[in-house]
Amino acid sequence: MRVRSSLFASFILLCEVVGTVLFLRGFFPVPVRSSLPSRSRPEDVPREPLAGGSTNASAPRPLFSRVVIMLVDALREDFVLGPQGRVFMPYTRHQVERGSSHSFVAKARAPTVTMPRIKALTTGSIPGFIDVVMNLNSPALLEDNLIWQAKTAGKKIIFYGDDTWVRLFPKHFMEYDGTTSFFVSDYTEVDNNVTRHLDSTLKRDDWDMLILHYLGLDHIGHISGPHSSLIQPKLLEMDDVLKKIHSALISKEAEGSLPYLLVLCGDHGMSETGSHGGSSEPEVNTPLVLLSPAFKRKVGMEQPKVVEQVDLTPTLALGLGLPISQNSVGRVIPGVLEETSLREQLRFLHLNGHQLSCLLKDSTSDYQKEEGFEQFRVAEKAHGNWMKLYMEGNTSEVLTNMGKKVLKLYLEALEAMSGSLSKQLGKYDMYSMIVGMVFIFQLLLVLLLAMPEALSGSATVDFPVFSSLLSLPFYLLCLLLASVHVLVCTSAESSCYFCSLSWGLVFAAVAFSSAMFCILISIATRRLPLGPKIHGKSPLRIFGGEWLLSELDVLLLAGTVGHTLSLAASSFVEEEHQTWYFLLNTLCLTVFQDVCRKYFREQSGSGDEEEHALPSKNNHPFTHPKSEIYSEKWLALATPPFTLVCCRLLRSLNQTGIQWAHLPDVGHWLNSSEHKMVLSVLSAFCLVLIYLLVQRRCSWVSKAALALGLLGVYSYRAAVGNVLFPWQHPGRAVSKGTVEARFVYVFVLGILFSGTKDLLRSQIITADAKLKGRGLWEIYSGLVLVVSLLFRAHNLPVLCCCLLVQTLMAQFIWKKLHYDAAQTTIMHYWFGQAFFYFQGNSNNLASIDISVGFVGLESYVEAPAIFLTALGTYAGPLLWAFHLVCYLSSERDRSPVAVSHGCYCLALLRSVPAAAYIVLVTVLRYHLFIWSVFSPKLLYESVHLLLTAGICLFFITMEKTQLE
């Protein structure tokens, strides 16, 4: 059956969406949720165990009268409990060592982003990675949580700080004042707005819970990292706040009343680059300090124990006499219960165990086989026997020893059940993921094999549907896959989404997969040399010629496909930059070989004549001077080695990846205060070189705007304290640089307007190719200007080398060696990916520099902040993608035959429009740091191939007359 290429591409993309949805449904596990009523209530509290009798069914009395939670965003564990804690937070450290306190290292789970961490602290559950996207616009939290329980119990809650709490818990606070968490340029007022309420609030007695969320430390980390000179003053400020709160609570403590509880914690830590979101030790390790007169006074510094961050939820709930949230997977911290009676300790652990056992029942079909569930039943029975002796008045030592054994049984059961529930969040629906991946790869292979035929003059594809459906292998595959489906669904320990579908949908999926496999084999046989013998006709020719591959084509094809396949392993995703560095170095050596072959092996005969007699604009040959040919020859020979040197230097500028990201690099050395003069000179040199490289094809108006804009870039960096002006006063205060950044934006808009005007004139008024090229280049120069503003000062050499390599490769390699559009496209893609990592990025949320989203902003505005953050993060791929557009548009004399090269298919796969490319990569890269057996990035790469190929094939079919 022959179908048009556009219809064929549309069908492939539609089926690809189904496969992607199925994969994602299996990749994001269903959260552990209770099937009980929506929220726990006091009347649901279980009775105290007693063998052969009835006991109290009410909750035990609360341990604390009021609670103050001081949450310092991005507070790393070593800032308080490490060696620097005595310097950074002396009062807090003294209380940890000598006060009535308990200190722990609370481990947060990835993603270490604020909103998921707040949900974990209040619900006791472990949010999934889908919450990362929701972090930008947090909806109201409907799940059972500590704040709702406290409000329902009549407790009055006051909140000051990050307005994420206000969005999650609307109408829950008696009084609140929210501050935006996204304007990271501000690390002073954002905390002053919280502290200014403290004096009046601490004097009042009309509240039961006070929650403070300080953001300044997190903002400093995003701006300048954990080793900034701003860190110590901010931590001293936080230490003074805690001292003020602690002193006020001590002074208001009344004899005979329940004690207070002061909690100091962090929602997540801070990586060595100052960001967060991943799962490195500095990001997940946070301090948890509990201060209360109910605890024993310390006699010295003790090694802090490790707890889970979600353990705070049941601890606070029981401490306030509230029911534990139904979906909590945390376990009460035993140290908080040490000063209570043995009966109360057992009762608290029983309540926690009952809640975890109920959650385990609802989330696991074979819950009775769980070790923790059985241990809890044994502990509960032993607890009942202990209670019987206790109620009979037995006060012997045997009762005490028995109680301690029951306590130990409870603790072991809680640990086992909590661990089992937490692991369920890491259990992926592998069957659904495998089915989705099979669909994706079948569609990808069919599309790649059919691409040459789809790009032929007829723009149609011979899609052997009927012959495949009537073949014997099709029916055998259907039976085989149906048998596998029944076997998997009947033997799987956990529920599978694909198994829950109706048999009609399952049979359709089985038939579709079998048919695609048969079609794939049928198309593949037509591409093999055996094709004439089987089909009785000659093999497929593309545009009248054979599909021939050069050495460079083999490298480009093997490198692109090999990189895609390597992403099935998590280590290759973690250290993907190493793959691109290797491919780029190999590409440079291959290009160098082509250059040597051209200028040394083909110097005689027609080679010299071709070089000396090149066609002019009027197709009349003219002769280049020998000196010019000689200089071009050596510049062409020097370009690949120079590119290798640049790439090696840029690799040392920013450590990236996972394993070695913490190691010092040239960027750290340049950003140190003692090397500020070196950084200033380097920045000025790079900005001058950027101007020289970009201005050459701009109009004189754009040249002037570009010069003033780059001067504004340096002024902005000087204003924020990164570099120095020669006349700058040493004691000048560091500003936000808002005026200087907006000064640059004005010239960016002017350049973009000028370029857009020229581009529209060339398309609408006059068909002037020169005007069109100038318009595209001016838009490109405007993009370079805004990127130079967003790049940190030490990253300006990355931009400078990017432009320099582009200039040399375009002038002396791609044109002189007559590389076609396919080869040039893939080279641009490789360079773009490598420069993404040269910037210091990685496949980890923690490497995203959020601070660039607020350059020139005085407050948080969502749309420009997201746009600038994405632009700064993906500047490398975007610059190379736009340079590809400018370069190809300037090659007006290319014939259609030139693009019919063997690697044309993969060229099309990468020729996606720049805007769509950036949006796609920005959205899909968010989940790349999550690992499973079938890497999600492998799916991302496959979907990327399908989307770009399908889109290009669709539009090329619409314009097939231009390719014939």
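Every chain is numbered on its own, with residues counted from 1 as its sequence reads. Local features in this predicted model are restricted to residues whose pLDDT is 70 or higher, and side-chain atom pairs enter the listing and the counts only when it is 80 or higher, whereas totals over whole chains, interfaces and linings include all residues. The side-chain numbers reported here are obtained from all heavy atoms of the structure, hydrogens and water having been left aside.

Student: When you look at the packing of aromatic side chains in this model, what are you seeing that I'm missing?
Tutor: Think of a pair of aromatic rings as described by two things: how far the centres are apart, and how the planes are tilted against each other in angle. Stacked, edge-to-face and tilted are the three classes for Phe, Tyr and Trp ring pairs, Trp counted by its six-membered ring, which pair at centre distances within 6.5 Å; planes under 30 degrees apart are stacked, over 60 edge-to-face, the rest tilted. If you walk through the whole model with that rule in mind, you get 24 aromatic pairs. Arranged with centres 6.4 Å apart and planes meeting at 75 degrees, the rings of phenylalanine 169 and phenylalanine 173 form a pair that is edge-to-face. The burial state of phenylalanine 169 is the same as that of phenylalanine 173; both residues are buried. Aromatic ring contacts, followed pair by pair, group Tyr581, Phe831, Phe835, Phe838 and Trp880 into a single cluster. By the criterion adopted, a ring carries a charge over it if an Arg CZ or a Lys NZ lies within 6 Å of its centre and within 35 degrees of its normal. Over the aromatic face of tryptophan 207 sits the side chain of arginine 66, whose NZ or CZ is 4.0 Å from the ring centroid. If you follow lysine 598 out to its NZ or CZ, it ends over the ring of tyrosine 599, 5.9 Å from the centre. Note on classification: 1.4 Å probe, protein chains only; a residue is buried when its accessible area is under 20% of the maximum for its type, exposed when over 50%, partly exposed between these limits.

Student: What is the right way to look at the state of the cysteines in this model?
Tutor: Defined simply, a disulfide is a covalent bond joining two cysteines at their sulfur atoms. By convention in this document, the label disulfide applies to cysteine sulfur atom pairs within 2.5 Å. All chains considered together, the criterion is met by one disulfide. Here cysteine 489 pairs with cysteine 499 through a disulfide, and the sulfurs are 2.0 Å apart. In this structure, the disulfide formed by cysteine 489 and cysteine 499 twists by about -90 degrees around the S-S bond and is classed as left-handed. Highlighted residues: cysteine 489 in helix α20 (residues 472–491) and cysteine 499 in the loop between α20 and α21 (503–527), separated in sequence by 10 residues. When its relative accessible area of 28% is taken as the criterion, cysteine 489 is described as partly exposed. Cysteine 800 takes part in no disulfide bond, and the closest cysteine sulfur, belonging to cysteine 686, lies 4.5 Å away. Left unpaired, cysteine 802 is separated from the closest cysteine sulfur, that of cysteine 801, by 8.9 Å. In this text, helices come from DSSP runs of H or I with a minimum length of four residues, and strands from runs of E with a minimum of two, each type numbered from the N-terminal end.

Student: Before we go on, may I ask you to explain the sheet that holds strand β8 (residues 285–291) in this structure?
Tutor: Hydrogen bonds between backbone atoms are what pair the strands of a sheet, whose relative direction is either parallel or antiparallel. Pairing between two strands is assigned when DSSP locates at least 2 bridges connecting them. Across the sheet, eight strands lie side by side as β5-β4-β6-β2-β7-β8-β3-β9; this open sheet has mixed pairing. Lying at the two open borders of the sheet, with one neighbouring strand each, are β5 (175–179) and β9 (305–308). Sheet twist, expressed as the average angle between the axes of neighbouring strands with direction ignored, equals 15 degrees. Relative to β8, strand β3 (residues 101–107) is paired through seven bridges, and the arrangement is antiparallel. Considered in β8, the bridge of phenylalanine 104 is made with leucine 288. Throughout, an axis means a line fitted to C-alpha atoms (over the contacting stretch in the case of helices), and angles, computed between N-to-C directions, take values from 0 to 180 degrees.

Student: Quick question: what am I supposed to make of the nonpolar core here?
Tutor: For soluble globular proteins, the rule of thumb is that nonpolar side chains tend to be buried together. Residue types Ala, Val, Leu, Ile, Met, Phe, Trp, Tyr and Cys, when buried and joined through side-chain atoms within 4.5 Å, form a set referred to as a nonpolar core. Counting 92 residues, the largest nonpolar core has Leu587, Ile690, Leu785, Trp814, Trp830 and Phe838 as the members making the most contacts within it. Counting residues in hydrophobic clusters, the runner-up holds 67 residues, among them Val67, Ile118, Val307 and Tyr410.

Student: What is the right way to look at the packing of helix α15 (residues 342–363) against helix α16 (residues 371–391) in this model?
Tutor: A pair of packed helices can be characterised by two numbers: the angle between their axes and the separation between those axes. Two numbers describe how α15 lies on α16: the axes approach to 10 Å, and their chain directions differ by 150 degrees. The angle between α15 and α16 falls in the class roughly antiparallel. The two elements α15 and α16 meet at a crossing, and its hand is left-handed. Facing α15, whose interface residues are Leu342, Arg343, Leu346, Arg347, His350, Gly353, His354, Ser357, Leu360 and Lys361, α16 presents Phe373, Phe376, Arg377, Glu380, His383, Trp386, Met387, Tyr390 and Met391. Angles are sorted into four bins: roughly parallel if under 35 degrees, roughly antiparallel if over 145, roughly perpendicular if 65 to 115, and oblique for all others. Left-handed describes a crossing whose near helix is turned anticlockwise from the far helix by less than a right angle; the clockwise case is right-handed. Contact criterion: two residues are considered in contact whenever any of their non-hydrogen atoms come within 4.5 Å of each other.

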